Amino acid sequence: MIPAGYEAALIESAEYFVHLALVLAPLFVGASFLVGLAQEYLPPERVEAMLRSRDHGSGNVLAAGLGAVTPFCSCSTIPILAGLLGAGAPIGLAFSFLLASPIVNWIAVILLFGLFGASVTVAYVVMALSAAIVGGIVIGTLNLENYVKDVRITAGGREITTDGGATTGGASCACSGSPSRSHRERVSAAGRGALSFFWDTLPYIIIGITIGALIHGAVPEAFLQRIAGPSNPLATPMAALAGAPIYVSISGMLPIAHSLAEQGIPIGTVIAFVIGGAGISIPNLILLNKLFERRLLAVYAGTVVTTGVAVGVLFNTVLAGLL
């Protein structure tokens, strides 16, 4: 027999699981559809062409914006990043694109809106994009180009190198669009891709919702407050680092973040947890290790953690009474 206290906690966790599932499933499919449209109309070649000729300043703004509307995956961001660097684009511009991709994308923004509301989402997007722009500009002044590895990547039928150029083959990437296709065909392909992506990502969503439900129903609030509450001055930087080892996908991360906020953890600490997890997750670092020497990889990781802490502190102080 389950003790009464545990039984109540499990029932509460189960109810919260159902609540999160009903909220997140349609939001995730909708966000995936928008990602599919972005892939159809902004294939890697087009993004590279838009960014190659840009310089610092306005180029960093455009790079961060394009990073936000193109998904962070091996089929898109890493080849684009390699193509930009191989074509001689400023490293600071490439970093603005790279910093924005994992933390400000369609899926993150729409799920944030569904879970935390418009005010938190708008503040998050503005501050994260600003950090990507400023971070890219600052990194562009540090002369780090020599820490980009000379590599050759084959993606989507084209061979991309970071030692001076990129060449395009005849085949097309599964996530890129064809200029001869009609709008109806593109929308239909985006819809099919959204459902396929949902089923592929469903295990991670279930894991995230399960962890979030258990935190909500079974973990004592007092315990969480001691570790990550406002009385711990190191809670925000600890949260920015803690997200990385448990990150599997943004769709699995945000249910956990929502549960932490529901348990009274300050919203800025929760946001730092999300940014750190999305930006310096183990899969991201493994992919980037193919392009960056260790020093440049450390610069990227440090920039992400600094961004998470800075945005988290701003949420907890300046915006605390406004949201």
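Reading the values: the criteria
Residues numbered from 1 in each chain as written. Predicted model: local features only at pLDDT ≥ 70, side-chain atom pairs only at ≥ 80, totals over all residues. Heavy atoms only, no water. Helix = DSSP H or I, 4+ residues; strand = E, 2+ residues; numbered from the N terminus. Buried < 20%, exposed > 50% of the residue type's maximum accessible area, 1.4 Å probe, protein only. Contact = heavy atoms within 4.5 Å. Areas by Shrake-Rupley, 256 points an atom, 1.4 Å probe, with all protein chains shown as cover. Phe/Tyr/Trp six-rings, centres within 6.5 Å; stacked < 30°, edge-to-face > 60°. Patch = residues over 30% accessible without salt bridge, like charges linked within 9 Å, V, L, I, M, F, W, Y side chains within 5 Å. Salt bridge = Lys/Arg side-chain N within 4 Å of Asp/Glu carboxyl O. Axes fitted to C-alpha atoms, helices over the stretch in contact; angles between N-to-C directions. Parallel < 35°, antiparallel > 145°, perpendicular 65-115°, else oblique. Left-handed = near helix turned anticlockwise from the far one by under 90°. pLDDT = per-residue confidence, 0-100. Nonpolar A, V, L, I, M, F, W, Y, C, P; charged D, E, K, R; others polar.

Novice: Explain the overall build of the protein to me, please; I cannot follow it from the model alone.
Specialist: What the protein contains, in helices and strands, is 14 helices and 2 strands. Considering the protein as a whole, with its 323 residues, one finds that 50% of them fall into the buried category. In the protein, 81% of the contacts between residues at least 6 apart in sequence involve partners at least 24 apart. Of the accessible surface of the protein, which amounts to about 14200 Å², a share of 66% is contributed by carbon and sulfur atoms.

Novice: Where do I start with the packing of aromatic side chains in this structure?
Specialist: Each aromatic ring pair is summarised here by two numbers: the centre-to-centre distance and the angle between the ring planes. Tallied over the entire structure, the rule returns 2 aromatic pairs. Aromatic side chains Phe-95 and Phe-292 sit 5.6 Å apart centroid to centroid with 10 degrees between the ring planes, which places their arrangement in the stacked category. Taken as a pair, Phe-95 in helix H5 (residues 91-103) and Phe-292 in the loop between helix H13 (282-289) and helix H14 (294-316) lie far apart in primary sequence, 197 residues in all. The class of Phe-95 is buried, set by a relative accessible area of 1%. Consider the rings of Phe-95 and Tyr-300, whose centres lie 6.2 Å apart with planes at 65 degrees: the pair is edge-to-face. Linking Phe-95 in helix H5 with Tyr-300 in helix H14, this pair joins segments that are 205 residues apart in sequence. For the pair shown, Phe-95 and Tyr-300 are each scored as buried.

Novice: Just to check I follow, could you spell out unusual backbone geometry for this structure?
Specialist: Only a minority of non-glycine residues have a phi that is not negative, and only a minority of peptide bonds are not trans. A positive phi is found at Asn-143, a non-glycine position, where the angle reads about 55 degrees. Following the sequence through the fold, Asn-143 ends up in the loop between helix H7 (118-140) and strand E1 (152-155).

Novice: Looking at this structure, I do not really get a nonpolar patch on the surface. What am I missing?
Specialist: Taken together, the side chains of Phe-223, Ile-227, Leu-234 and Met-238 make up a nonpolar region of the molecular surface, amounting to roughly 370 Å² of accessible area. Locating Phe-223 in the fold gives a position in helix H9 (residues 221-228). A residue is classified by how much of its surface remains accessible, and Phe-223, at 39% relative accessible area, is partly exposed.

Novice: What should I look at first to understand the packing of helix H3 (residues 58-69) against H7 in this one?
Specialist: For any two helices packed against each other, one specifies the crossing angle of their axes together with the interaxial distance. Two elements in contact, H3 and H7, have axes separated by 9 Å at closest approach and are oriented at 130 degrees. The orientation of H3 with respect to H7, classified from their angle, is oblique. Remark: the crossing between H3 and H7 carries right-handed chirality. On the side of H3, the interface is formed by Asn-60, Val-61, Ala-64 and Ala-68, while H7 contributes Leu-129, Ala-132, Ile-133, Gly-136 and Ile-137.

Novice: Hey, could you run me through the confidence of the model for the protein in this one?
Specialist: As a note on interpretation, predicted positions should not be read in detail where pLDDT is low. Predicted confidence across the protein gives a mean pLDDT of 79, with 83% of residues reaching 70 or more. Every residue in residues 164-178 scores below 50 in pLDDT, and together they form 33 contacts with partners more than four places removed in sequence or on other chains.

Novice: Mind showing me how you'd approach the side chain of Ser-281 here?
Specialist: Relative to the assigned elements, Ser-281 resides in the loop between helix H12 (267-279) and H13. Sequence-distant contacts of Ser-281, that is, excluding residues within four places in its chain, are made with Ala-244, Tyr-247 and Gly-276.

Novice: Help me understand the packing of H12 against H14, please; the structure alone is not making it clear to me.
Specialist: It is the contact of H12 with H14, at a shortest axis distance of 7 Å, that shows an interaxial angle of 165 degrees. Taken as axis vectors, H12 and H14 run roughly antiparallel relative to one another. Like other packed secondary-structure pairs, H12 and H14 cross with a definite hand, here right-handed. Of the residues in H14, those in contact with Ile-267, Gly-268, Thr-269, Ile-271, Ala-272, Ile-275, Gly-276 and Gly-279 of H12 are Tyr-300, Val-304, Thr-307, Gly-308, Val-311, Gly-312, Phe-315 and Asn-316. Of the residues belonging to the contact of H12 with H14, the class tally is 8 nonpolar, 8 polar and no charged.

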